[in-house]
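Remarks on the overall topology
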Amino acid sequence: MHLVYPAVLAALLFAIGVYGVLARRNAILVLMSVELMLNAVNLNLVAFDVWLRDTLHAGQALTLFTIAIAAAEIGIGLAIVLMVHRNKGTSDVDRLRDTAEPPEPWSTDAADEPSSDDAPTDDTPAGEKAEATA
């Protein structure tokens, strides 16, 4: 068996997977592209294992580990995507930046913090006013 045929096929699959990760916005399609890249790696591992005629079949053993990692990755990834879709109503990867915490509008230097006996000022957020009175 020529090694060129599976190697070229694996390279094409990996290139399609990279394109899918970089160009897609839907999180499900990004996960599918990652799976495509992992399958390209699996194809290379098995092809080189057959080509080298390894008695331990290390390529096939590593392929089984890769399949197990891919199964765990897709399970956790789909759980995260479903949670984000329930909260945001979309699975667009570009809109996930909105889930980050907003930056603090004021500095957190020790000199700027009011002492415990000072009353909260107007620039203090409502959450801190509630904590100061509770």
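Residues numbered from 1 in each chain as written. Predicted model: local features only at pLDDT ≥ 70, side-chain atom pairs only at ≥ 80, totals over all residues. Heavy atoms only, no water.

A separate point is the overall build of the chain. On a plain count of helices and strands, the chain comes out with 4 helices and 0 strands. For the chain, the succession of helices and strands along the chain, N to C, is α-α-α-α. Per-residue burial over the chain gives 19% buried out of 134 residues. The long-range fraction of contacts in the chain, counting pairs at least 24 apart against all pairs at least 6 apart in sequence, stands at 54%. (Helix = DSSP H or I, 4+ residues; strand = E, 2+ residues; numbered from the N terminus. Buried < 20%, exposed > 50% of the residue type's maximum accessible area, 1.4 Å probe, protein only. Contact = heavy atoms within 4.5 Å.)

The next subject is helix α2 (residues 27–52). Taking 1.5 Å of rise per residue, 26 residues should cover 38 Å, and α2 covers 38 Å from first to last C-alpha, within 8% of that figure. Contacts from the buried residues of α2 go to α1 (4–23) and α3 (58–88). For α2, the capping residue at the N-terminal end is Asn 26, with a side-chain oxygen 3.3 Å from the backbone nitrogen of Ile 28. Looking one or two places after α2, you find Arg 53, whose phi comes out positive at around 55°. (Expected span 1.5 Å × (residues − 1). Polar contact = N/O pair within 3.5 Å; in protein donor to acceptor, adjacent residues only side chain to side chain.)

This part covers the environment of Val 8. For Val 8, the location among the structural elements is in helix α1. Given the relative accessible area of 45%, Val 8 is considered partly exposed. For the pair formed by Val 8 and Ala 40, sequence separation is 32 residues and the distance between their alpha carbons is 9.9 Å.

Moving on, we get to the pattern of salt bridges. The final tally for this structure, using the stated rule, is 1 salt bridge. A salt bridge links Arg 25 to Asp 94, with the nearest nitrogen and oxygen atoms 3.2 Å apart. Highlighted residues: Arg 25 in the loop between α1 and α2 and Asp 94 in the loop between α3 and α4 (126–133), separated in sequence by 69 residues. Taking relative accessible area as the criterion, Arg 25 reaches 54% and is therefore assigned exposed. (Salt bridge = Lys/Arg side-chain N within 4 Å of Asp/Glu carboxyl O.)

This paragraph deals with the side chain of Thr 63. Along the polypeptide, Thr 63 turns up in helix α3. Relative accessible area serves as the criterion here: at 9%, Thr 63 is assigned to the buried category. In this view, Thr 63 contacts Asn 42, Leu 45 and Val 46; residues no more than four positions away in its chain are not counted.

A few words now on a nonpolar patch on the surface. Nonpolar side chains collect at one region of the surface, where Val 4, Tyr 5, Val 8 and Leu 12 lie side by side and expose about 440 Å² of accessible area between them. As for its position among the elements, Tyr 5 is in helix α1. For Tyr 5, a relative accessible area of 61% translates into the label exposed. (Patch = residues over 30% accessible without salt bridge, like charges linked within 9 Å, V, L, I, M, F, W, Y side chains within 5 Å. Areas by Shrake-Rupley, 256 points an atom, 1.4 Å probe, with all protein chains shown as cover.)

Pairs of packed helices are described in terms of their axes, by the angle between the two and the distance that separates them. Close contact between α2 and α3 brings their axes to 9 Å; oriented N to C, the two are set at 175°. With respect to their mutual orientation, α2 and α3 come out roughly antiparallel. Looking at the contact of α2 with α3 residue by residue, the class counts come to 14 nonpolar, 6 polar and 3 charged. (Axes fitted to C-alpha atoms, helices over the stretch in contact; angles between N-to-C directions. Parallel < 35°, antiparallel > 145°, perpendicular 65-115°, else oblique. Nonpolar A, V, L, I, M, F, W, Y, C, P; charged D, E, K, R; others polar.)

The next point concerns the packing of aromatic side chains. Counted by the stated rule, this structure contains 1 aromatic pair. Taking 6.1 Å as the distance between ring centres and 85° as the angle between the ring planes, the aromatic pair formed by Phe 48 and Trp 51 counts as edge-to-face. Of this pair, Phe 48 and Trp 51 both sit in helix α2, 3 residues apart, which is roughly one turn of that helix. Since its relative accessible area comes to 35%, Phe 48 is described here as partly exposed. (Phe/Tyr/Trp six-rings, centres within 6.5 Å; stacked < 30°, edge-to-face > 60°.)

Nothing here speaks to function; it is geometry throughout.
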